[in-house]
Structures are given as structure tokens and as C-alpha cells.
Amino acid sequence: MNLDWLDAFLVSGLFFVVMIIGLALLLHIQLGLARIANFGVVGFWGIGMYSFGVLFVKVDWPFGDPWPFLISAAFGSVVAGLSGLLVGWLIADLDEDGVLVGTLGFATAVWILATTEQDLTGGALGMGGLRFPYDIGTVKANETLWLVLLIIVVALILYYVHRVHRAPYGRLLTAIGDNEPLARSLGKATFRTKIWLFAFASAGMGLLGAMYGVMERFLETANIGIDITLAAIVGLILGGTARVWGAVIGVAISVGVFDILVQSYLPLPRDWYSQAIPVLREAIFGAVLIIVLLFRPLGVLGDMRRDKLMRSMHGD
Amino acid sequence: MSETPGTPMLKAEAIRSGYHGVTVIKGLDFEVGNEVFAVLGANGAGKTTLLATLARLIPLMGGRIQFRGEDVSDLPPYETAGRGIGYVPQEKGVFAELTVLENLTVGGMIGERSQDERMAEVFELFPDLETLQTQTAGTLSGGESRMVAAGRAMMQDPILLLLDEPTAGLSPLYVDMFFEKITEIHETRGVGIVLAEQNATKALEVADRVMVLSLGEAFLIEAATELTTKQLKEGYRI
Ligand SMILES: Nc1ncnc2c1ncn2[C@@H]1O[C@H](COP(=O)(O)OP(=O)(O)OP(=O)(O)O)[C@@H](O)[C@H]1O
Ligand SMILES: [Mg+2]
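None of the values given here were measured: they were computed from a predicted structure.

**Regarding the interface of chain B and chain A**
- Residue-level contacts link 24 residues of chain B with 22 residues of chain A.
- Interface of chain B and chain A: buried area, both sides summed, is about 2,100 Å²; carbon and sulfur atoms make up 61% of it.
- When the buried area of chain B at its contact with chain A is split by residue, B:Tyr78, B:Phe95 and B:Glu97 rank highest and sum to 34% of it.
- Along the contact surface separating chain B from chain A lie one salt bridge.
- Here B:Glu97 and A:Arg35 are joined by a salt bridge, their closest N and O atoms 3.0 Å apart.
- Viewed at the interface, chain A and chain B are joined by six residue pairs in polar contact (both at pLDDT 80 or more).
- Listed by contribution, the elements that provide at least two residues to the side of chain B that touches chain A are α2 (77-83) and α3 (100-107) of chain B.

Structure below.
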């Protein structure tokens, strides 16, 4: 296949955007419906990526592709899911501050583990040896196919989130986010619902982490910093936490503009890319987050105005 | 003390409860049969705390609660709801972000009967809800919200309904309508009712028996017809 028309930067840029959309969609179920602010997205994503990568690289696989990848990715996803179960269990009954500290703390713990367990992870130097579970010719072709597979995975997540919105399960999550004691008094096992939600969302985040590891072919602790979480949260809040498409549109505007337009297509001086742009990006994301939280705590495009109005009327 | 009509549904033995070490309910003994059992008392007497304790939303500090002969003292609320205890809180009784219809269906998942059947009955009880179906509950008036909360509790086919000041802050017309509904729920659907109220006059019109709470203790438990104004005033400490 002739892929000359396709820019390699565009492929990796799109991969990043689509992946963050996936994370934002999973976060949407937690934050938008159940109102649990998970600030540890990168932790679940990262633990999935590292557990996948370590297994994939260190094991002397007796069978051929794509099995090593599939087994390792399933493993990464399960490890992420189990850590979600644990973190969910720890924070499910805490207030917002507790959830913030708990999830951020988890992400930090993952980062520390990846940095200090050098024998396994390569520490700060990183770990190579990851590869695509296929070879269809050129690097660019392999990467493009991987992007297509990611788009399929994220489309499935989008479809699932859509269904949740229409299902009793979605109403239950909204009810829990809205008024948990009331939901409990109606016979809902809210604690159990919340920890399973955490487990499943985390498993999905872990799978996206594994796919990202393959795309990069290299695991490094610099990748599992707060910026992944921030990108997902900023995108979601920008698009509106209450709507399914909020995650997609918000991330496309925020991360899309930066990682594709600015990074790839604006004629900026070369040395800006390593120095100024990442800093600028974090600063702008942070500023957007603060502004949105101050003035539209529940989203810019979301249908939350109604909610705000109502709250002000009821003095809540 | 007066007799419990019929076999007791709910039996509280020396129950104590409260918040973070503050004991609000200080050892209550009472039984509720298939009746309207009014819990009266001044502001802060502990009515809300008592009902939330019976709904198992607040843990017991001591004593036991039996429901239909079964000890439910240690059950989480999602288990007691399944056994037939419906609860309508004093405040924040609706899911503000869900529509009226969604609010009703969130509750209607216990027992055998079909959701449509229950829904039809709820609309029969509160016809206004039928026209409000698609409205977001957060935009309802105070009276409409109370109807949604009560309707949702009825969707669960409760055996015993705990109502915490269902008419506080409502206009007199609504208050009268609501008390008629309470009687209807009890008499035609056979649901036992525990009704926490400030409005003693209204409560005494519908109640079979009354417990006057005073600082977390039962000042008296008496048949509604036997209660004297003097007793009430003493119970309210006025
Ligand atoms: N969450 C809480 N934490 C600590 N104390 C509480 C809490 N809720 C209520 N209290 C205290 O418990 C006591 C009883 O309150 P409760 O709400 O049960 O009274 P009530 O009889 O329902 O009053 P009202 O008629 O005003 O609704 C009060 O002194 C109140 O200050
Ligand atoms: Mg009260």
C-alpha cells in the first residue's frame, strides 16, 4: 500500500488524540455519570502499559504472533482492572478530597514503582524491545494499521458508553452521582457498583496503555506523568462531562489542536518543540482547567447549565 | 402505652444512634404494626435521625431492629429496601438530574410485579406525575418533588413506608391532598406507615398511634385519639 500521502507525524499525533479520547470516554462514565473525579487516569493507563510491556518483552514466548501481544495485553488490562478494584475500594466512601488524594496518590505510586523497579522496567532509562504483533512492510504501514486498530477499540468504547447512557446501569450511575444516600435507601448497592465501575474503567485504561506502549516501542517513566490525566480531564471538561460526545469533541479541540496542529503544522522554530511547547501546553491546559472549573464547573458544551441554574435556585 | 394493632411489622429494641459519637436517639423501644404510626417532636428531637436509622442509612450504636420477625440490625440499606422498607427522606428526595419517569423507574426494581403495572398505580395515586413524566426532577416545585419521592417509594411495593415530614413547607391545599394520599396508601394498599411530622394536628387526623420524641427519647407512645394537648405540649417542651 502506498502511504506517501500520509505524514508520519500525523499518524502518531492522531494516535495520541484518539487514545486520549478513549481515556476521556472512560473517565466520562466515572466523572460525568457517577461524579467520581478520578485524577489517577495515568496510573491505571501506566500500570497497564508496564505490566503488558514487561510480560511481552521478558517472556520467551513459545508461540507466534499475535498471541504474545494478546496475552500480554489481557494481562496488562487485568492488572489495571485489579488495581482499579483496589483503589475503588479504598476511595468509594471518601469525599471529593479523599478521592482526589487517593487517585493522585495511586498514579504517583505507579510512577515511583516504574522508576525504582529498574530490573523489571528499566527505570528512568526506559525499556525497549516492544514491537507490533505483525509486520506488513514499512514502519509507517505498521503504525498506520495500529492507529486503525486503536480507532476500532475506541469506537467500541464509544459505543459502549452510548449504551450505558440509555441503560438502567447509566441511570443508576447518575443516581449515585446525584444523591448516593438516596440511591442506597432505594435498595442500590452503591459501594459495590462504584468499585466495579472503577475496575472496568481501569481495565479499559490499561488496555489503551498497552496499545500506546506498542506504538512507542519503548516504555519510559517520562510518559507516565500527570499530563496524560490532565489531557483527558481537560478535554472532557471542555467538551462537557455530561454528554457522550463531550469527551470526543473536547479532546479533539484541546489535544488535537496542540498535538496535531501546533506540533506538526505550525511553522515554529525547531528548538521550541523540546523546550517551550510542552511547557506552554501544560500551562494552557492548566489554565483552561482552572477557568472552566471556576466559571463552568460542570462543562463548557455540556447540558449542565440547567443543573447549575437548578442548584442556584435550590441554594445547594 | 397502647397496643400495637395486628402483628408488629417493625420492632425496635433499645435502639441508639447518632453521628460521629453524638448520640441522638437514646434508647427507643417501640413496635409498628399495620397502621399509621406518627412520630412527633420539636425541631431537633431526632425524627429524621430515627427514620434514617430505621432505613439503615445510619448505623446503630446499640439495640436491635426487627422487621417481620427478622433481625435487620446489621443489614445494609440496599438489603432492607429489598425486604420492603420504603423511605422518603425529608430533604433531597429526588434525583435532580433524572427525569420524573427515570426517578420512578430507578426505584421500581424490587419484587415480581411488572414496572408498568406499578407505574399505572402510581399515576393513579398522583395523577400530576403523569403529565410531568419528561421533566427533569431538579426543576420541579417543592410539592411536585415530594410527589415524585413518594411515588418512587411506592414503585418499590413497600410493606412499610417511612415518610419524613412529607408536607413541610407545602401550601395548605397540597398538605391536605398529601395527607389524603397517606390514608389512601395505608387503607387501600395495606402499607404500614411511619410518619415523622411537625404538624401534630394533621398527623393526629391520620395516625392510629403517636410517639412523641423529646431529645431522642420517647416521651410517650399513645393511641392518637387518647393524646391530650397537655401531653403534646409537654413533649414539645412548650
Ligand atoms: N449529620 C449530622 N451530624 C451531626 N449531628 C446531626 C446531624 N444531623 C442531625 N444532627 C443533630 O441531631 C439532632 C436531631 O436531628 P434530626 O434531624 O433528627 O431532628 P428532627 O427531629 O428531624 O428535626 P426537624 O423537625 O427540624 O427535621 C439535632 O440536634 C441535630 O443537630
Ligand atoms: Mg427532620
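**Things to note about the domain arrangement of chain B**
All names here are of chain B.
- By domain assignment, chain B separates into domain 1 (1-83 + 158-166 + 192-238) and domain 2 (85-157).
- Placing a centre on the C-alpha atoms of domain 1 and another on those of domain 2 gives a separation of 24 Å.
- Across the boundary between the two partners, domain 1 contributes 20 residues, which contact 12 residues of domain 2.
- In total, domain 1 and domain 2 occlude about 1,400 Å² of area from one another, counting both sides; carbon and sulfur atoms represent 60% of this.
- The largest share of the area that domain 1 buries against domain 2 comes from Ala81, Pro158 and Asp164, three residues that together contribute 33% of it.
- Where domain 1 meets domain 2, there are zero salt bridges.
- Counting across the domain 1 and domain 2 interface gives eight residue pairs in polar contact (both at pLDDT 80 or more).

**Things to note about the packing of helix α2 (residues 41-58) of chain A against helix α3 (residues 67-91) of chain A**
All names here are of chain A.
- Here α2 crosses α3 at 145 degrees, and the two axes come no closer than 8 Å. As α2 runs across α3, the sense of the crossing is right-handed. In contact with Phe44, Ile47, Gly48, Ser51, Phe52, Leu55 and Phe56 of α2, α3 contributes Pro68, Phe69, Ile71, Ser72, Ala73, Phe75, Gly76, Val79, Ala80, Ser83, Gly84 and Val87.
- Looking at the contact of α2 with α3 residue by residue, the class counts come to 13 nonpolar, six polar and no charged.

**So, the coordination of the magnesium ion (ligand 2)**
Residues and elements named next belong to chain B.
- For the magnesium ion (ligand 2), every protein donor is listed as Thr48 (OG1) and Gln90 (OE1), and the spread of their distances is 1.8 to 2.0 Å. Within this pair, whereas Thr48 is found in helix α1 (residues 47-54), its partner Gln90 is found in the loop between β6 (85-88) and α3, the two being separated by 42 residues in sequence.
- Take Thr48: its relative accessible area is 29%, and that puts it in the partly exposed class.
- With relative accessibility at 26%, the residue Gln90 sits in the partly exposed group.

Calculation rules
- Residues numbered from 1 in each chain as written.
- Chains lettered and ligands numbered in written order.
- Predicted model: local features only at pLDDT ≥ 70, side-chain atom pairs only at ≥ 80, totals over all residues.
- Heavy atoms only, no water.
- Contact = heavy atoms within 4.5 Å.
- Buried area = accessible area lost by both parts, 1.4 Å probe.
- Salt bridge = Lys/Arg side-chain N within 4 Å of Asp/Glu carboxyl O.
- Polar contact = N/O pair within 3.5 Å; in protein donor to acceptor, adjacent residues only side chain to side chain.
- Helix = DSSP H or I, 4+ residues; strand = E, 2+ residues; numbered from the N terminus.
- Domains from an automatic or database assignment.
- Axes fitted to C-alpha atoms, helices over the stretch in contact; angles between N-to-C directions.
- Left-handed = near helix turned anticlockwise from the far one by under 90°.
- Nonpolar A, V, L, I, M, F, W, Y, C, P; charged D, E, K, R; others polar.
- Donors = N, O, S within 2.8 Å, 3.2 Å for Na, K, Ca; no water.
- Buried < 20%, exposed > 50% of the residue type's maximum accessible area, 1.4 Å probe, protein only.

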